[in-house]
Each structure stands twice: as structure tokens, then as C-alpha cells.
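Fold and geometry: a report
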Amino acid sequence: MHLLTTVVDMHRQRRALAGSVGVVPTMGYLHEGHISLARRARAENDHVIATIFVNPSQFGPGEDLAAYPRDLPRDLDLLEAAGVDMVFVPSTAELYPPGYETWIDLADLPTKLEGAQRPGHFRGVATIVTKLFNLTRPTRAYFGQKDAQQAILLRRLTVDLNFDLDLIICPTVREPHGLAMSSRNAYLTAEERQRAGVLYRALSAAAEAYERGERDAESLRRGMAAILAAEPAAQPEYISIAHLETLDEIVGEMRVPALASVAARVGKARLIDNVWLGREVG
Ligand code: PAF
């Protein structure tokens, strides 16, 4: 596995690749969710590139940039075992050199859900992913369902900026009691991890009600709120049933596929999770 750290080397190595290229962008501190993306990329492409970059521009003031967990040696071992060919691990100065001033802003999607709680976050995500797409020129790029708004917004960006690639959204990988795998789960104690399973219990209840034929969005939100309220360790930030493409909150009867999503604080962690209603993840 090649380790690349500079833009010049990344461009040079990419130019030498013939055939399809699967790209897995990450911020490192990898878990089984990331590895499932790498394995899928391995199965579907001639070459696989992973990127590891804790992107400062997607962290707001007071967020956990400095504390964000890191373990590069372990990440490299895991990626090599998953069959990744190249890992791009640039420094911040390499991607945001002095004088940097180009940003990618989507008009509407970043104002919803996570974006409403984290102003500027998706500007940072859209910018770095655009740069990584330009550097790695994927045939297919792999993102996790757990960050559903990110994936939906990046799919929009891919269409809008005419990137010639397939953006593939892979199902969330979960811990045994349902908690979605996330690098930020490292902030939870063992007890909090158990209790944080309440997010998925609430979402599963919404999915089951939907399967039984419930189509009143407010009733699904109420059901999730009641389950979350019964777990004192969880402080919900939002509970949403939204249009799966526009991310507008659905009012009244659900006539289109929907994203059921929640964000909640548990201990020191801010957790998000979602299920899709009326459409397979992909
Ligand atoms: O999902 C992540 O880990 C990050 O937001 C991404 C897509 C690698 C961009 O920094």
C-alpha cells in the first residue's frame, strides 16, 4: 500500500492508474463502518484509494477539532488489510496553503438538519470533498449512510458540478445494541454506549410504524420523541421526518420517501443517526 502525503504525488500516482478507481474519503480513526466502505470499493474497482484528513474547515468554533481522535498507524494497518492500494494523508498546509480562498457553497441543503445546528459545516465538507474528487478522480466514491445529509448533499454536488463518478451510499454499520459506528463514539463511556442505543430504538420504532402503514409524519416524530424522552442520558437536538432529497420537514401525510433522523447529546458526544423510509439505502 502506498502512502502519499503531497498534492504533487497524489496527482502523479493517479495519472499512472488505468481502469476504475474507488475512493473512500475519511477523517481517520477508522471503525468497521469505514472498513465496510473500503471492502466494497475493493470489490467493485480495479484500484482503491482511501484518504485520511481531519478537515479543519468543517469544524465550527467550539467543536472538537483539537480533540478529534487520531491513530494513523492503526488506520494504515486496517486499510491495508481491507485491500486498499493507496492512502492519501495530506497535511492541512498541503490542502489549505497560505492565501487559500476558494469555497464550495450549496444554496439550500446546508440550511437543514445538521447544517442548521452546525453553521459552515457543509461548506467545509463540500469544499474538501470537491478537492479530494479533483485529486483522486474516482470512478466510484463511497460514503456512509450514517452521515445521510452529507451523502445527499454530496450527491447533489456531484450532479451540479458534473463530476463523472457514481456516489455510493453504504448502509450504517452498528454496534450490537444498535449504536451507529462513529469515530466520536470514542467519547462515550461503556455505560453511555449502551444508553446511546436509544437513538436507533427510536428510529427503528418509526421504521416499524411506517412498515405497518403509518404515514402521518407528526405521529412518527412523536413516537421517536417519546422513546428518546425515556432515556435520561440522551438530550435530543432534533427529531426529523424529512423529504429524502430536499430534506424539507414533511408536514402531514407522507407521500414521498423520507429520512427519519435524530441528533442527540449523550455524555460528551453529539450523536446522529437515521433510517430511510420508503427507499432502500444506496
Ligand atoms: O465523513 C467524513 O468523515 C468527512 O466529513 C469527509 C467526507 C471525509 C470530509 O472530510
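The model shown is predicted, which means the values in this text are computed figures rather than measured ones. (Residues numbered from 1 in each chain as written. Predicted model: local features only at pLDDT ≥ 70, side-chain atom pairs only at ≥ 80, totals over all residues. Heavy atoms only, no water.)

This brings us to the pattern of salt bridges. The final tally for this structure, using the stated rule, is 22 salt bridges. When the shortest N-O distance is used, the salt bridge between D248 and K112 registers 2.8 Å. Of the two residues, D248 sits in the loop between β7 (234-243) and β8 (258-266) while K112 sits in the loop between α4 (92-95) and α5 (113-117), which places them 136 residues apart along the sequence. For K112, a relative accessible area of 13% translates into the label buried. (Salt bridge = Lys/Arg side-chain N within 4 Å of Asp/Glu carboxyl O. Helix = DSSP H or I, 4+ residues; strand = E, 2+ residues; numbered from the N terminus. Buried < 20%, exposed > 50% of the residue type's maximum accessible area, 1.4 Å probe, protein only.)

This paragraph deals with the sheet that holds strand β9 (residues 269-277). Overall, antiparallel pairing links the three strands, which are arranged β7-β8-β9 in an open sheet. Each edge of the open sheet is held by one strand with a lone partner, namely β7 and β9. Averaged over all neighbouring strand pairs, the angle between strand axes comes to 15 degrees, with direction disregarded. Where β7 lies against β8, nine bridges are found, and the strand directions are antiparallel. Bridge pairing in β8 places Q235 opposite R265. (Pairing = 2+ DSSP bridges. Axes fitted to C-alpha atoms, helices over the stretch in contact; angles between N-to-C directions.)

Once that is clear, we can look at helix α10 (residues 217-229). Taking 1.5 Å as the rise per residue, α10 with 13 residues should run 18 Å; its terminal C-alpha atoms sit 18 Å apart, in good agreement. Three or more residues of α10 are buried, namely A217, L220, R221, M224 and L228. The arc that holds every buried residue of α10, seen down its axis, measures 100 degrees, which confines them to one face. α10 presents R222, A226 and A229 as exposed residues on the side facing more than 90 degrees away from its buried surface. Taken together, the buried residues of α10 touch α9 (198-211), β7, β8 and β9. (Expected span 1.5 Å × (residues − 1). Arc of directions from axis to C-beta. Contact = heavy atoms within 4.5 Å.)

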